[in-house]
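Residue strings, one per chain:
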Amino acid sequence: MTQKTTTQDPQNSSTTAPLGTSPKPKRLPRYTSYPTALEFSDLDAGLYGQWLRDLPEDAPVSLYFHIPFCEKLCWFCGCFTKITSNYDRVHRYLAILMQEIHLVGAETGRKKVSHIHFGGGSPTIIDADSFTELMDLVRQTFDILPDAEIAVEIDPRTCSEEKVAAYAESGVNRVSLGIQDFNPDVQEAINRVQPDALIAENIAWFRAAGISEINFDLIYGMPRQTLATIEETVQKTAEFRPSRIALFGYAHVPWMKKHQQMMDKHHLPAQNERQAMFDLASTKLQESGYHAIGLDHFALPGDSLLTARAEGHLKRNFQGYSADPATTMIGFGASAIGSLPGGYAQNSPDLKTYAETVEAGDIPVRRGLRVSALDVMVREVISTLMSTFAVDPYAIAAAHGVDYDFAREAQDLDRLVAVGYLARAGNEYALTEAGRPYLRAIATLFDHYFPQQHSDIITRCVHESEG
Ligand SMILES: C[S@@+](CC[C@H](N)C(=O)[O-])C[C@H]1O[C@@H](n2cnc3c(N)ncnc32)[C@H](O)[C@@H]1O
Ligand code: SF4
């Protein structure tokens, strides 16, 4: 595991490589952060402490807790996790995580919290009592707003009715179920067998406990997936009626995640098949009443992502798309990344170093990046484009008070208008239908860290994009 991976985004820029296309493709960022995690370098924990102390008094923050354990390894997995059946190990980790909460809380004071996310790994590995204890400490340390979203990533195989009751009592109001694919052959090929009845049981527990905001995570582009298996998965998904769906492209990075070699690469679909899978799933989901959001999300009417888009505050963050109003995210746990007004900060991904640092009474931040005013402005340009498929970069620069003329970008943007990938109205550029597959390539135009000289923008769109 290198420190370049954004643990909260298994498809991070550093991990995304199209399969078997020619000429040799570049990896296009997904822009769950800007600058991307590739730009992180050593960060002094003292500076991070200052960023925490400098947080504005009244502005709400969001909290991310990383639980880096799973009981069984899925061969496609790109997340930062360790496989364990030793619950003592999880317990020891939770004790350290709670110490970290104390350490950070001492710097921030009792901040208002608008959003909490438990990710991993599999937060469902935590037993019901420990989860309650953890949330109690979070409530003592921070002021969780009454309408805060509290979300947990669920591995349906390690969830239980007792855990669901603890989530509901602790205020959890959104869950994301790792579904990936319903087809038994695909499940076998990816070492993740979970029968439909198990999913139905999980959903019944959540709905009975009053947790009605249910997300499904699906993946396309994995071994043995075909258009037929994708259609089957999407049809079953639509029947279970989750309020939100993330449809991720499988990130095949065997040089970083050696276990992905367990899957026969000859069973991986080609790039054009991946695109066809995404297109089919997207069409079928929309026929079933879901609205497409950004790169890879779908939601039923009433979902907060749709509301946020309508109100103009949908944004990118490490979890993908978010309606969270907070501009600060504080990360807790090994490898967790936070985003503060001062910059990005990532905790040590090494469990031993993470634990020893916290036990010594120090905040375990290791890497990160101080952001400039230009970075923050460009971040909003890219986030807006990735979220709404349209952007007026000049208006965003003016709103940020940043003197930047977009002269380089404008030349390429106008070329994209000429080939029909963008439409221009005044200073606003909007993706056309023809330009949609190239969203990520087009976003790189604004990226000051992307090697612009490496390839021309049209080449980048046509040869370097992936679905
Ligand atoms: C941390 S996991 C979710 C919780 C739990 N561990 C589980 O798998 O059910 C987050 C999601 O990342 C996605 N994911 C993991 N590895 C991926 C990869 N290599 N490419 C694309 N998506 C991936 C899966 O959809 C997974 O549900
Ligand atoms: S359960 Fe989730 S985090 Fe764990 S190995 Fe499977 S995909 Fe990865």
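Rules behind the numbers
- Residues numbered from 1 in each chain as written.
- Chains lettered and ligands numbered in written order.
- Predicted model: local features only at pLDDT ≥ 70, side-chain atom pairs only at ≥ 80, totals over all residues.
- Heavy atoms only, no water.
- UniProt positions renumbered as here; feature names shortened; annotations may be inferred.
- Helix = DSSP H or I, 4+ residues; strand = E, 2+ residues; numbered from the N terminus.
- Contact = heavy atoms within 4.5 Å.
- Near = heavy atom within 4 Å.
- Polar contact = N/O pair within 3.5 Å; in protein donor to acceptor, adjacent residues only side chain to side chain.
- Areas by Shrake-Rupley, 256 points an atom, 1.4 Å probe, with all protein chains shown as cover.
- Nonpolar A, V, L, I, M, F, W, Y, C, P; charged D, E, K, R; others polar.
- Buried < 20%, exposed > 50% of the residue type's maximum accessible area, 1.4 Å probe, protein only.
- Pairing = 2+ DSSP bridges.
- Axes fitted to C-alpha atoms, helices over the stretch in contact; angles between N-to-C directions.

The name given to the protein in an unreviewed UniProt entry is Coproporphyrinogen-III oxidase, and the organism recorded there is Paremcibacter congregatus. Per its UniProt entry, the protein bears the Sequence similarities (unreviewed entry) comment "Belongs to the anaerobic coproporphyrinogen-III oxidase family."

What follows is about the environment of Tyr 167. Topologically, Tyr 167 is positioned in helix α4 (residues 161-169). Tyr 167 sits 39 residues away from Phe 206 along the chain, and the two C-alpha atoms are 9.2 Å apart. Apart from residues no more than four positions distant in its own chain, Tyr 167 is found in contact with Pro 123, Thr 124, Phe 131, Val 152, Ile 154, Cys 159, Val 172, Phe 206 and Ile 211.

This part takes up the site of ligand 1. Ligand 1 sits among 22 residues. The nearest are Phe 76, Gly 121, Gln 180, Arg 192 and Asp 217. Between ligand 1 and Gly 121 there is a distance of 2.9 Å, counted from a nitrogen atom to a backbone nitrogen or oxygen. Separating a nitrogen atom of ligand 1 from a side-chain N or O atom of Ser 122 is a distance of 3.0 Å. If ligand 1 stood free it would expose 560 Å²; the protein chains cover 95% of that surface. Where the shell around ligand 1 is concerned, the elements lending two or more residues are β6 (143-154), β7 (174-180), β8 (213-220) and β9 (244-249). Considered class by class, the residues forming the shell around ligand 1 number nine nonpolar, nine polar and four charged.

This part is about the UniProt feature "binding site: [4Fe-4S] cluster" (unreviewed entry) in the protein. Following the UniProt record, one finds the feature "binding site: [4Fe-4S] cluster" (unreviewed entry) at Cys 70, Cys 74 and Cys 77. Structurally, the position occupied by Cys 70 is in strand β3 (residues 69-70). Discounting chain neighbours no more than four positions away, the residues touching Cys 70 are Thr 81, Lys 82, Ile 83, Thr 84, Gly 121, Ser 122 and Ile 125. Of the residues examined, Cys 77 reaches a relative accessible area of 9% and is grouped as buried. In contact with Cys 77, not counting residues within four places along its chain, are Lys 257, His 259 and Gln 260.

Okay, the environment of Phe 142 next. One can find Phe 142 in the loop between α3 (128-141) and β6. Once you skip the residues sitting within four places of it in the chain, Phe 142 turns out to touch Leu 63, Ile 101, Gly 105, Thr 108, Gly 109, Arg 110, Lys 111, Val 113 and Phe 332.

This brings us to the sheet that holds strand β18 (residues 390-391). Spatially, β18-β20-β19 is the arrangement adopted by the three strands of the open sheet, whose pairing is antiparallel. Pairing within the sheet leaves two strands with one partner each, and these edge strands are β18 and β19 (422-425). In the sheet, β18 pairs with strand β20 (residues 428-431) via two bridges, with the strands oriented antiparallel. Paired with Ala 390 across the two strands is Ala 430, which belongs to β20. Its contacts with the sheet put helix α13 (residues 407-418) on β19 and β20, and the angle it makes with β19 is roughly 110°.

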